[in-house]
Amino acid sequence: MTERPVLQNGYLGAQPLFKEIGLSTKTHPEPEFETGENEFVIKFKASQPVKITSKVISEQTGDESLERVFIQTRGEDVNLLVSLDKPGYHRLQIYALPAADASKQLPGVFNYLINCTSTPRKSRMFPKQFAQWSDGCVLLEPFSLAGDHVKGDVMFRVAIPRAHAVAVTIGEEWTHLDPGDNGIWTGRLIGIDNYKGKGLHAVLNANFNEEEETRYSSLLQYTL
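Here is a short report on the structure shown in this document. (Residues numbered from 1 in each chain as written. Predicted model: local features only at pLDDT ≥ 70, side-chain atom pairs only at ≥ 80, totals over all residues. Heavy atoms only, no water.)

### Brief notes about the nonpolar core
- Ranked by size, the top nonpolar core spans 29 residues in total, and within it Trp133, Leu145, Val158, Ile160, Val166, Ile192 and Leu204 carry the most contacts.
- When residues of this core are traced back to their parent elements, those giving at least two are β13 (154-159), β14 (165-170), β17 (184-189), β18 (201-207) and β19 (217-223).
- Beyond its immediate chain neighbours, meaning those up to four positions away, Val158 contacts Trp133, Val138, Leu139, Val166, Leu177, Gly183, Ile184, Trp185 and Leu204.
- Counting residues in hydrophobic clusters, the runner-up holds 25 residues, among them Ile71, Val78, Tyr112 and Cys116. (Core = buried A, V, L, I, M, F, W, Y, C linked by side-chain atoms within 4.5 Å. Buried < 20%, exposed > 50% of the residue type's maximum accessible area, 1.4 Å probe, protein only. Helix = DSSP H or I, 4+ residues; strand = E, 2+ residues; numbered from the N terminus. Contact = heavy atoms within 4.5 Å.)

### A look at the environment of Phe110
- Position of Phe110 relative to the elements: it lies in strand β10 (residues 108-116).
- Phe110 sits in the buried class, given a relative accessible area of 3%.
- When the C-alpha positions of Phe110 and Ala96 are compared, they lie 9.0 Å apart, and in sequence the two are 14 residues distant.

### Quick word on the packing of aromatic side chains
- Across all of its chains, the model carries eleven aromatic pairs by this definition.
- A ring pair is formed by Phe44 and Phe110, whose centres lie 5.8 Å apart and whose planes are at 50°; its orientation type is tilted. Of this pair, Phe44 sits in strand β4 (residues 39-46) while Phe110 sits in strand β10, and the two are 66 residues apart along the sequence. Each member of the pair, Phe44 as well as Phe110, is classed as buried. (Phe/Tyr/Trp six-rings, centres within 6.5 Å; stacked < 30°, edge-to-face > 60°.)

Treat this as a map of the structure, not an account of what it does.
Structure follows, in structure tokens:
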């Protein structure tokens, strides 16, 4: 178990822009906490649309990961699903700007220090999120495709506002999802284990313009 790291003054908690852009904590108001669960949700409230990203840094190894946090935004609610792969101290750094801000570099707005005392759940590597995913998209399943335990057929269920077509691609293979009356796109990816170990990714794509039916935007990228 790693010792508590020495942090610079002002590192923990809300940074100046946090309240300025209308963010507040719904859960975990204390920036330093201990948990016996290695998978949990941290919730924020946003008074205006924001673009937000984050990364986890392991104090034990120094490794940085963008795939240990998955962010879902529904209206004012911003939920960060965190999955830690080892016990010990971890830094969770969160970056954000108003959605209308054209800047591509997001400044830090909140920092946590988390002491994970045990790992009762198998950790998950979440998909990488591209910019357009934050425009009201919601993932229902799957949250991870990594690991030898993910085999066979995989069901996809996602909500993608304003999409005219949705597909999952692995290399040159396309699996198109079907729209439902409830706004949920669904489809079954056949034989996911056939693609593992080949350096490939599964990418969730959407077409937002019927007049350019061959033009798709990447939304999520899964490690296999």
